[in-house]
Amino acid sequence: MTLIQSFTEGQEVTGYYLLKSSMVKQTNSTPPKDYLDIILSDTSGEITAKYWDASSTDKETFFAPMLVKVRGVVQLYRERLQFKVNKIRPATEEDGYNITDFVRSAPVPPNDLVYAIKTAASTIQDTDMQVIIDHCFNKVGDKLMHYPAAKGMHHAFYAGLAYHMVRMLELAEFVCKQRPFLNRDLLVAGIILHDIAKTEELTAELGIVSEYSFTGKMLGHIPLAASWITEAATIYGMDVNSEKIVLLQHMILAHHNLPEWGSTVQPQIPEALALHLIDQMDAKLQAAEDAIATMPSTENWTTPVRALENKAYYRAKGN
């Protein structure tokens, strides 16, 4: 099987890939003609593909996520590789492939990630915070085992949300040891809860976000998580106006820092500042890692990375 990362211009390819997205678009010809604008992916990366000869049946057949067998040629379009599909069909059981074999996933098993998160939660000394976290875990169910952290910005892969949390928790342990004035309970709780409502904001399968849910579009994960804290406090008889509850909500509401990024307030306690910076560090480093890891093997520069101010990054020798 030819990995997408190793595609080169002019290469003819036949193989099995994950149909990550498929949209019906129209050409600029007169009269316009429908075609399928596709993203194909495997564990090494993804590539934009065009199926110009799509029939009306094809438009109703191909939807994400789906494992497909394709035949076509790699082309260069606007200095980026693109795949022209000449033939495509859904994969069948007889082909002997499993869709999960083609899904990019966190480099740590999901069971280990969830165990690490719950272990960190158990080290929180404040029992009210533990109760709130347990309430949120119950709302999420098994989604932490497979949900991505985003549609495309960072950690957009199978179990990416849990992986993001664990990497942040690791950074937080170092920061708390270096800066012992920080309230560790508050920071750890904030990290576990800051993105947990993405499990309701996003609609995802196999680590691939198909769309934002209605609730996600109307509210977003930040207000949702803050409301879960209020919900838990009310159910378990806590004072929702106590400093502890308000500060925990502040951690969630401020972690994106700016209104244009979704935060209603900016960090006003050191723990909220630490959460924001740790979140940014992990998200941006992951975006850079993803760009380097999935770039074609023949290239030295990544394509512009949206999460990194649309800058391209150079792969140094040895990476």
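In case you missed it, the structure is sitting above this.
Given the structure is predicted, the values throughout are model-derived calculations rather than measurements.

Basis of the calculations
Residues numbered from 1 in each chain as written. Predicted model: local features only at pLDDT ≥ 70, side-chain atom pairs only at ≥ 80, totals over all residues. Heavy atoms only, no water. Pairing = 2+ DSSP bridges. Helix = DSSP H or I, 4+ residues; strand = E, 2+ residues; numbered from the N terminus. Core = buried A, V, L, I, M, F, W, Y, C linked by side-chain atoms within 4.5 Å. Buried < 20%, exposed > 50% of the residue type's maximum accessible area, 1.4 Å probe, protein only. Contact = heavy atoms within 4.5 Å. Axes fitted to C-alpha atoms, helices over the stretch in contact; angles between N-to-C directions. Parallel < 35°, antiparallel > 145°, perpendicular 65-115°, else oblique. Nonpolar A, V, L, I, M, F, W, Y, C, P; charged D, E, K, R; others polar.

Draft legend 1. How the structure looks around the pairing of strand E5 (residues 80-90). Summarising the sheet, strand E3 (residues 45-51) and E5 pair through 2 bridges and their orientation is parallel. Paired with Lys50 across the strands is Lys84, a residue of E5. With 10 bridges joining them, strand E4 (residues 66-77) and E5 adopt antiparallel strand pairing. Directly across from Val68, in E5, lies its bridge partner Pro90. Hairpin remark: E4 followed by E5, antiparallel, with 2 residues in the connecting loop; positive phi at Arg78, about 50 degrees.

Draft legend 2. Broad picture of the nonpolar core. Counting 58 residues, the largest nonpolar core has Ile117, Leu144, Leu187 and Leu193 as the members making the most contacts within it. For this core, the elements supplying multiple residues, two or more each, are helix H2 (110-122), helix H3 (127-140), helix H4 (160-178), helix H5 (184-194), strand E6 (202-205), helix H8 (221-235), helix H9 (243-254) and helix H10 (270-294). When residues of this core are assigned to their parent elements, the largest contribution, 10 residues, is made by H4. If we ignore the near neighbours within four places in the chain, the residues touching Leu144 are Val114, Ile117, Phe137, Leu161, Ala162 and Met165. In terms of nonpolar packing, the next biggest core, distinct from the first, is built from 21 residues, Ile4, Val13, Leu40 and Ala54 among them.

Draft legend 3. Main features of the environment of Leu219. With respect to the secondary-structure elements, Leu219 resides in the loop between helix H7 (214-218) and H8. Looking at Leu219, the relative accessible area reads 51%, which means it is exposed. It is 8.1 Å that separates the C-alpha atoms of Leu219 and Glu201, two residues lying 18 residues apart in sequence.

Draft legend 4. Spotlight on the packing of H2 against H3. For the pair H2 and H3, the least separation of the axes is 10 Å and the interaxial angle reads 155 degrees. When the interaxial angle is binned, H2 and H3 end up roughly antiparallel. Contacts between H2 and H3 pair Ile117, Lys118, Ala121 and Ser122 from the former with Gln130, Ile133 and Phe137 from the latter. Across the contact of H2 with H3, the residue classes tally to 4 nonpolar, 2 polar and 1 charged.

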